[in-house]
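# A look at the structure
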Amino acid sequence: MPAKSPRTNKPPVRLWRWRRNALRRHSDVVEAWIVLGIWLLVFVGGAVAGLVAARTVDSDFAARRARAHPVAAVVTDVTPATPPATSGRDDGRVWVTVRWTDAVGSVHQAQAKVLPGAPAGTRLTVWTDNADRVVAEPLGRTEAALQAALTGILVGPLAAGAIWAGGRLLRAALVRRRLTEWDEEWKRVGPEWRNLSGGRG
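All of the points below concern the structure found in this document. (Residues numbered from 1 in each chain as written. Predicted model: local features only at pLDDT ≥ 70, side-chain atom pairs only at ≥ 80, totals over all residues. Heavy atoms only, no water.)

Here we come to a nonpolar patch on the surface. Taken together, the side chains of W39, F43, V44, V48, V52 and W164 make up a nonpolar region of the molecular surface, amounting to roughly 620 Å² of accessible area. No other element matches the five residues that helix α1 (residues 26–67) contributes to the nonpolar patch. Locating V44 in the fold gives a position in helix α1. (Patch = residues over 30% accessible without salt bridge, like charges linked within 9 Å, V, L, I, M, F, W, Y side chains within 5 Å. Areas by Shrake-Rupley, 256 points an atom, 1.4 Å probe, with all protein chains shown as cover. Salt bridge = Lys/Arg side-chain N within 4 Å of Asp/Glu carboxyl O. Helix = DSSP H or I, 4+ residues; strand = E, 2+ residues; numbered from the N terminus.)

In structure tokens:
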């Protein structure tokens, strides 16, 4: 008859900070709750911060689209054949004076960018706000949604990291407080312990 292998009764794994025992202090329970709360805030707070940032950016782009209107304009200047020497961030276009007529028949003039060499009378589309000022072309819905998503992806981890760092500082303060309490208690109990141990404690 084969010998039975000895059965080992393994106790369930439990966090000692939550278990009732003589070594557990009130500060241990407080620290355990703080650690749990920090991790919940890291995940939930980071996700919420990312969503709020994405929605805020998307709303801002939507407001810009609502304020900007395309109008047909014509170039009134003779543009240079080549753009002036600028930094590498320039798109190669040049500033010229353009003219357009609004919906009520009023004529407006402003500066806008066109490709070099465009002759006077060249038609182009410029974007204006409600005050008939030339503004930058707003992002389309797809580009705006992509920018908002990227912003949310960036802000979420940053917010989560800030929450985690704040939690670490709070936990470190609790550890320092616990060590101070232990020192004070040992000052009180130490002499008694040394007397009981014959001066060897």
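There is more to say after this.
On to unusual backbone geometry. Phi at D132 is positive, roughly 60°, even though this residue is not glycine. Note that D132 resides in the loop between β4 (123–128) and β5 (134–135).

The next thing to look at is the environment of R171. Following the sequence through the fold, R171 ends up in helix α2 (residues 141–196). A sequence separation of 141 residues divides R171 from V30, and the C-alpha atoms of the two residues are 9.8 Å apart.

The next thing to look at is the environment of Q147. With respect to the element layout, Q147 can be found in helix α2. Between the C-alpha atom of Q147 and that of V57, which follows or precedes it by 90 residues, the distance is 7.8 Å. Not counting residues within four places of it along the chain, the set of residues in contact with Q147 comprises F61 and L139. (Contact = heavy atoms within 4.5 Å.)

Time to look at the pairing of strand β3 (residues 107–114). Sheet topology places strand β2 (residues 94–101) next to β3; eight bridges connect them, and they run antiparallel. From the neighbouring strand, T97 faces β3, where its bridge partner is Q111. Connecting the antiparallel pair β2 and β3 is a turn made up of five residues, with G105 showing a positive phi of about 95°. (Pairing = 2+ DSSP bridges.)

Considering the arrangement of structural elements, one finds D102 in the loop between β2 and β3. Buried charge without a partner: D102 forms no salt bridge, and the closest opposite charge is R99, 12 Å away. Polar contacts involving the side chain of D102 include one to the side chain of H108, which spans 2.8 Å. With residues near it in sequence (within four places) discarded, D102 still touches H108 and D132. (Buried < 20%, exposed > 50% of the residue type's maximum accessible area, 1.4 Å probe, protein only. Lys, Arg positive; Asp, Glu negative; His and termini not counted. Polar contact = N/O pair within 3.5 Å; in protein donor to acceptor, adjacent residues only side chain to side chain.)

This part covers the pattern of salt bridges. Pairs can form between side chains of opposite charge once their charged atoms are near each other. Tallied over the entire structure, the rule returns two salt bridges. Of the charged contacts, one joins D60 and R64 as a salt bridge, the two residues approaching to 3.2 Å between their closest N and O atoms. Taken as a pair, D60 and R64 lie in helix α1 at a separation of four residues, close to a single helical turn. Here R133 and D129 are joined by a salt bridge, their closest N and O atoms 3.0 Å apart.

Moving on, we get to the nonpolar core. Judged by nonpolar contacts, V71, A73, V75, V94, V96, V98, W100, A112, V114, A118, L124 and V126 together constitute the single largest core of twelve residues. Looking at this core, the elements with two or more residues in it are β1 (69–75), β2, β3 and β4. Sorting elements by how many residues they give to this core places β2 first, with four residues. Grouped together as the second largest cluster of nonpolar side chains are five residues, I34, I38, A160 and L174 included. (Core = buried A, V, L, I, M, F, W, Y, C linked by side-chain atoms within 4.5 Å.)

Before going further, it helps to spend a moment on the pairing of β1. Side-chain direction in a regular strand flips from residue to residue, so the side chains alternate between the two faces of the sheet. One ladder, built from six bridges, connects β1 with β4; its direction is antiparallel. In the sheet register, V74 faces β4, and the bridge partner there is R123. As judged from the two bridges shared by β1 and β2, these two strands associate in the antiparallel manner. Residue V75 lies in a different strand from β2, and its bridge partner there is V98.

All right, on to the environment of A72 then. If you trace the backbone, A72 turns up in strand β1. Its relative accessible area of 61% is what places A72 among the exposed residues. Residues A72 and L124, spaced 52 residues apart in sequence, show a C-alpha to C-alpha distance of 6.0 Å. Non-local contacts of A72, meaning those with residues more than four positions away in its chain, are made with W100 and L124.

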